[in-house]
Amino acid sequence: MRLNKEYMGTVELSPEKPVIAGEFSTWTITFTAGEYGIDDGGSIVIAWKSVSDWDTPQFDEGTEPGFTTVTTTGDCFLKARYNKFVRSFGNSILIDVYRGFIKKGDKITVTLGDTSQGSLGMRAQSFCEREHEFRVFLDPCGTNRYEEMPQRLKVEIVPSYHHEIQAIVPATVKIGEPFEVAVRALDEFGNPTDKYIGDVELTVRGAKAHGLPASVHFDGSSSNALKIPGCIIDEAGFWNLQIKDSEHGYLAYSNASKAEAEPEKYLYWGDMHGQTRQTVGTGMLEDYYSFSRDKACIQFTGWQGNDFEVSDETWADIRKFTKKFNEEGKFLVYLGYEWSGTTPQGGDHNVYFLHDNADFYPSSNWTATSVDNKNNANPITELHSKLESRNDVLLIPHIGGRYANLDYFNYAYSSVIEIHSHHGTFEWFALDAMKRHMPVGFIAASDDHTCRVGLSYPLSGHGKSASGAFDVASGFTGVYAESLTKEAVWKALKARHCYASTFDRVYVNTALGNLHMGDAGKANDEELLHLEAAGTYPIEKYEVYDWDKKIFEKDCLTRDKKKIRIRWSGVVYRGRGKSQKWDGVIYIANGKLISAEKYAFDRIDQGIVIKSDKYLKFTSSTSGDYDGFVLEIDGDDNTEIRFSSVAGSASVKYADVLKQGFVKAMGGLNLKLEIEPAFEQIIKENYCEYNKLKADIVLPQSAVVTEGEYKHAYWVKVLQTNGNAAWSSPIFVK
């Protein structure tokens, strides 16, 4: 076939100027036919990435967002509809030609976001992308064989206006030794933005410090985090950096940091899990790595493209960029990929190499080309065989679309499992491993698909392919290592000296006598579990587990008898379609709803729809995380709280909630509704007085005792008032 402009034709996109993330606008794609034209029964497809929350085009409601029109100068009729296309360009508009044909020179004009009938236009995707592509595919003969047009239409997506400011500090600092802090501005979708001009006051809270300027100025010249050197902490203990812009009304705190005179180990933060446009994700490799270093401000990362999409050329590029960006002592990059066999064959496992590796071992090359098939390894036991007991390879089971099958767990290559990502919070995965008495640690990551590894926000809810795929913000792996080198961090991961945290990088450390987080052995003191924690928000409670059994929990804040918290959580099941919609109503019978505040919502498109004196209508979905509300109710013994949602319903007396709380299982894998007295609400200026925790927990004599190598596995969950949490890796006691 003659796959060139002369025979296939040309396509153009207008306007070609940069697009602000999340904005409403209008774009026109024009196809001009070549020699082939399009026959009666033929078609043309305009496709864009599966991971995108552009408005879904619709063709019938002229006043609604996403209204799209299709016209032609040809002597024929056209029928257009939104259609699923091939991975990884799963979004598309399919345009059929009928009752006529398109000849050379005829045009088909597609107006995305046609405003002629009152529509606002089409809303662009919410995340930035240097080259967002629309690819056009032609089937001139009506054979259902599509060939890509010679041109690729590209548009740049740039950040929107500032919505918040954030600060990041090292998790461990040495007293008297200078270090760097970072401050950044983000738009409402979580994109670091260069559209912020302002002065930010800097104040260390919780410790004496010097060397830090009183304020810094943002001049709108860069979307990178502003790095500020020279800060020195003068005394031991936890501290946070407070940042404030009075003009814009911003007040925020950094993650917590611990200052020590002579740290034995340092806590480092990383996110080792994400994809780019080489596979199902978006963005360029160079942008991916520079984002994690310069904007997300993490200290180690990796790339984890689905193996069945990885060509030999892609693998060569991954190796090249891993070497280019890795800088010992400053920013670590681990070479790897995602082994993506089906769950019956082993399920998703992230594969990491300590050093460079010429080969990779995919589960298949289902959609990839130019792959040496001799390296295929399926099921995962074949991958284990190919690794030949190497100690420079790490496999980490995780939950994505597929979930890792713990029946195939191999202790020679795996020391930790991933329990939180952009896909959701999977505490059930940790509990499954503990039920099996598996000596594994816990980590978190993002599994980012938007070129924002280390700083992934949920998508906006627009667009059919993305509305429920990424419900929560990214997580982080905290690693206790002797230094920021690949060898030291690798050793820490293998030893389970690490833990999982959701978005706020919650500081957690545990010890049991001579054993520290992740250790396995005999403890010289088996009665007191030592816990230290510090967060960005106040810590409301912590829970202690022995294997899969909760053996202790304690509130860290007092309960507010004037308010209640109603929250829901969980997933439907383990595989695809795991998210649960909770859209519904909270009705107050024989009482009055005075106020309602959102609790732990991640997505900006969800929350309160209508609030009256009697009821609250809301929209919500969970992927293992929490959503909910803190309610103030004027009621008495006759007042009743009625909850009705697409996930189920419940009813409870207001007085009973205040006395003992209310919990109801709502089906699925672990769906749950909880109604309880709310914790006292701390004003933001006082967060640093309530965000620290130090406890010596007396372990009950009746704790779970099991047969096998380890009698106990003690681990802790720490929960902040905003719903973010951290899970320590267990201490395994013989």
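Note that this is a predicted model, so its numbers are computed, not measured.

A. Examining the overall build of the protein more closely. A count of helical and extended segments in the protein gives seven helices and 55 strands. For the protein, whose C-alpha radius of gyration is 27 Å, the value lies close to the compact-globule estimate of 27 Å for 734 residues. Taken over the C-alpha atoms alone, the protein extends approximately 85 × 70 × 55 Å along its principal axes. Long-range contacts, defined here as pairs at least 24 residues apart, represent 71% of the contacts in the protein between residues at least 6 apart. Within the protein, the 101 negative side-chain charges are centred at a point lying 2 Å from the centre of the 80 positive side-chain charges.

B. How the structure looks around the packing of aromatic side chains. Under the defined criterion, the tally for this structure stands at 46 aromatic pairs. Measuring from centroid to centroid gives 5.6 Å for Phe179 and Trp239, while their planes differ by 40 degrees, and the two rings are tilted. A residue pair is termed long-range when its members are at least 10 positions apart, and Phe179 in strand 16 (residues 179-187) and Trp239 in strand 21 (residues 237-245) qualify at 60 residues. By way of ring pairs, the aromatic residues Phe238, Trp269, Tyr457, Phe476, Tyr480, Tyr499, Phe503 and Tyr507 are connected into one cluster. Over the ring of Phe77 we find Arg99, and its NZ or CZ is 5.8 Å from the ring centre. Over the ring of Tyr599 we find Arg565; its NZ or CZ atom is 4.6 Å from the centre of that ring.

C. A nonpolar patch on the surface, seen in detail. Judged by side-chain polarity, Met1, Leu3 and Tyr36 come together as a nonpolar surface patch covering roughly 300 Å² of accessible area. Following the sequence through the fold, Tyr36 ends up in the loop between strand 4 (27-33) and strand 5 (43-48).

D. Representation of a negative patch on the surface within the structure. A contiguous patch of negative charge, built from Asp634, Asp636, Asp637 and Asp656, is present on the exposed surface. By the secondary structure assignment, Asp636 is in the loop between strand 47 (626-634) and strand 48 (640-645).

E. Looking closely at the environment of Met122. Looking at where Met122 falls in the secondary structure, it is placed in strand 10 (residues 122-123). The sequence separation of Met122 and Thr26 amounts to 96 residues, and the corresponding C-alpha distance is 6.2 Å. If we skip the residues at most four places from it in the chain, Met122 touches Glu23, Phe24, Ser25, Trp27, Trp54, Asp55, Pro57, Gly66, Thr68, Leu112 and Gly113.

F. Representation of unusual backbone geometry. Cis rather than trans, the peptide bond between Ser14 and Pro15 has omega equal to -5 degrees. Tracing the chain through its elements places Pro15 in the loop between strand 1 (9-14) and strand 2 (19-20). Of note, the bond from Arg87 into Ser88 is cis; its omega dihedral lies within 30 degrees of zero at 5 degrees. One non-glycine residue with positive phi stands out, namely Glu388, at about 50 degrees. For Glu388, the location among the structural elements is in the loop between helix 4 (380-387) and strand 28 (393-397). Of note, the phi angle at Cys451 is positive, near 60 degrees, even though the residue is not glycine. Locating Cys451 in the fold gives a position in the loop between strand 31 (441-444) and strand 32 (476-481). Judged by its relative accessible area of 8%, Cys451 is buried.

G. Layout of the sheet that holds strand 20 (residues 226-233). Pairing in this open sheet of four strands is antiparallel, and the strands run 14-16-20-18 from one edge to the other. Lying at the two open borders of the sheet, with one neighbouring strand each, are strand 14 (162-168) and strand 18 (209-210). Where strand 18 lies against strand 20, two bridges are found, and the strand directions are antiparallel. Its bridge partner lying in strand 20, His210 is registered against Ile232.

H. The arrangement of the nonpolar core in detail. Within the largest apolar cluster, 40 residues are counted, with the highest numbers of intra-cluster contacts made by Tyr499, Val508, Leu512, Leu529, Leu531, Tyr542 and Val718. At four residues, strand 37 (residues 528-534) tops the list of elements feeding residues into this core. Contacts of Leu529, omitting those with residues within four sequence positions, involve Ala511, Leu512, Val544, Ala695, Asp696, Ile697, Leu699, Tyr714, Val716 and Ile731.

I. Just the sheet that holds strand 9 (residues 107-112), in detail. Pairing is antiparallel across the open sheet formed by four strands, whose spatial order is 1-4-9-6. Each of the sheet's edge strands pairs with one partner strand only, and the pair in question is strand 1 and strand 6 (68-72). Recorded for the sheet is a direction-independent mean angle of 10 degrees between the axes of neighbouring strands. Note that strand 4 and strand 9 share six bridges and pair antiparallel. By the bridge assignment for strand 9, Thr30 is matched with Thr109.

Each value, and the rule that gives it
Residues numbered from 1 in each chain as written. Predicted model: local features only at pLDDT ≥ 70, side-chain atom pairs only at ≥ 80, totals over all residues. Heavy atoms only, no water. Helix = DSSP H or I, 4+ residues; strand = E, 2+ residues; numbered from the N terminus. Rg over C-alpha atoms; globule rule 2.2 N^0.38 Å. Contact = heavy atoms within 4.5 Å. Lys, Arg positive; Asp, Glu negative; His and termini not counted. Charge placed at Lys NZ, Arg CZ, Asp CG, Glu CD. Phe/Tyr/Trp six-rings, centres within 6.5 Å; stacked < 30°, edge-to-face > 60°. Lys NZ or Arg CZ within 6 Å of the ring centre and 35° of its normal. Patch = residues over 30% accessible without salt bridge, like charges linked within 9 Å, V, L, I, M, F, W, Y side chains within 5 Å. Areas by Shrake-Rupley, 256 points an atom, 1.4 Å probe, with all protein chains shown as cover. Salt bridge = Lys/Arg side-chain N within 4 Å of Asp/Glu carboxyl O. Buried < 20%, exposed > 50% of the residue type's maximum accessible area, 1.4 Å probe, protein only. Pairing = 2+ DSSP bridges. Core = buried A, V, L, I, M, F, W, Y, C linked by side-chain atoms within 4.5 Å. Axes fitted to C-alpha atoms, helices over the stretch in contact; angles between N-to-C directions.

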